[in-house]
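Examination of the molecular architecture
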Amino acid sequence: MSRAFVNEDAEGWGGSGRRFTLPPRDDPRYDEAAALAMIEAAADGETGSAEQATGYYWGEERLKSYVRHILKRARAEKNEEMARAAERYLR
């Protein structure tokens, strides 16, 4: 595979080609890790990359309970970017 092809692919849907460390899909912690990946990526303006990596779309109902915990923690830590991203997700 040529280097040009790799670079071109990284600029496609999903943005930067950011990598996410997620447990196996059948791991009971997967959804929690996916929620955190979505919110962290959204705070960095890379929602598409997280959607592609997790297999979930923005606003997925299944992740909302985890996002509520992320929001609570972000507010306690005064992490405004993470709190804003979590609030957007929960709308």
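This one's a predicted model, so the numbers in the text were calculated from it and none came from an experiment.

Turning our eyes to something else, we now look at helix α3 (residues 47-54). The complete set of buried residues in α3 reads G48, S49, A50, E51 and T54. Structurally, α3 contributes buried residues whose contacts are with α2 (30-43). The first or second residue beyond α3 is G55, which carries a positive phi of 85 degrees.

Turning our attention to the nonpolar core. By size, the foremost hydrophobic cluster in this structure holds 21 residues, and its most contacted members are M38, I39, Y56, L63, V67 and Y89. Only α2, α4 (64-76) and α5 (80-90) provide two or more residues apiece to this core. Examining the composition of this core, we find that eight residues originate from one element, α2, more than from any other. What M38 contacts, discounting residues up to four positions off in sequence, is A50, E51, T54, Y56, Y57, W58, L63 and Y89.

Turning our eyes to something else, we now look at the side chain of D27. Summarising the element assignment, D27 is placed in the loop between α1 (3-10) and α2. For D27, a relative accessible area of 16% gives the class buried. Within the structure, the side chain of D27 is placed 2.7 Å from the backbone nitrogen of R29, a separation counted as a polar contact.

What follows concerns the packing of α4 against α5. The N-to-C vectors of α4 and α5 enclose an angle of 150 degrees; their axes lie 8 Å apart at closest approach. Relative to α5, the element α4 is oriented roughly antiparallel. Our pair here, α4 against α5, has a crossing hand that is left-handed. Across the interface between the two elements, K64, V67, R68, I70, L71, A74 and R75 from α4 touch M82, A83, A86, E87, Y89 and L90 from α5.

Note on placement: K64 falls in helix α4. Setting aside chain neighbours within four positions, we find K64 in contact with G59, Y89, L90 and R91.

Here the focus is the packing of α2 against α5. Where α2 meets α5, the axes come as close as 8 Å, and the angle between the chain directions of the two elements is 115 degrees. In this structure, the crossing between α2 and α5 has a hand that is right-handed. Contact residues: L36, M38, I39, E40, A42 and A43 in α2; E81, M82, A85, A86, R88 and Y89 in α5. Grouping the amino acids of the contact of α2 with α5 by side-chain chemistry returns nine nonpolar, no polar and three charged.

Calculation rules
- Residues numbered from 1 in each chain as written.
- Predicted model: local features only at pLDDT ≥ 70, side-chain atom pairs only at ≥ 80, totals over all residues.
- Heavy atoms only, no water.
- Buried < 20%, exposed > 50% of the residue type's maximum accessible area, 1.4 Å probe, protein only.
- Helix = DSSP H or I, 4+ residues; strand = E, 2+ residues; numbered from the N terminus.
- Contact = heavy atoms within 4.5 Å.
- Core = buried A, V, L, I, M, F, W, Y, C linked by side-chain atoms within 4.5 Å.
- Polar contact = N/O pair within 3.5 Å; in protein donor to acceptor, adjacent residues only side chain to side chain.
- Axes fitted to C-alpha atoms, helices over the stretch in contact; angles between N-to-C directions.
- Parallel < 35°, antiparallel > 145°, perpendicular 65-115°, else oblique.
- Left-handed = near helix turned anticlockwise from the far one by under 90°.
- Nonpolar A, V, L, I, M, F, W, Y, C, P; charged D, E, K, R; others polar.

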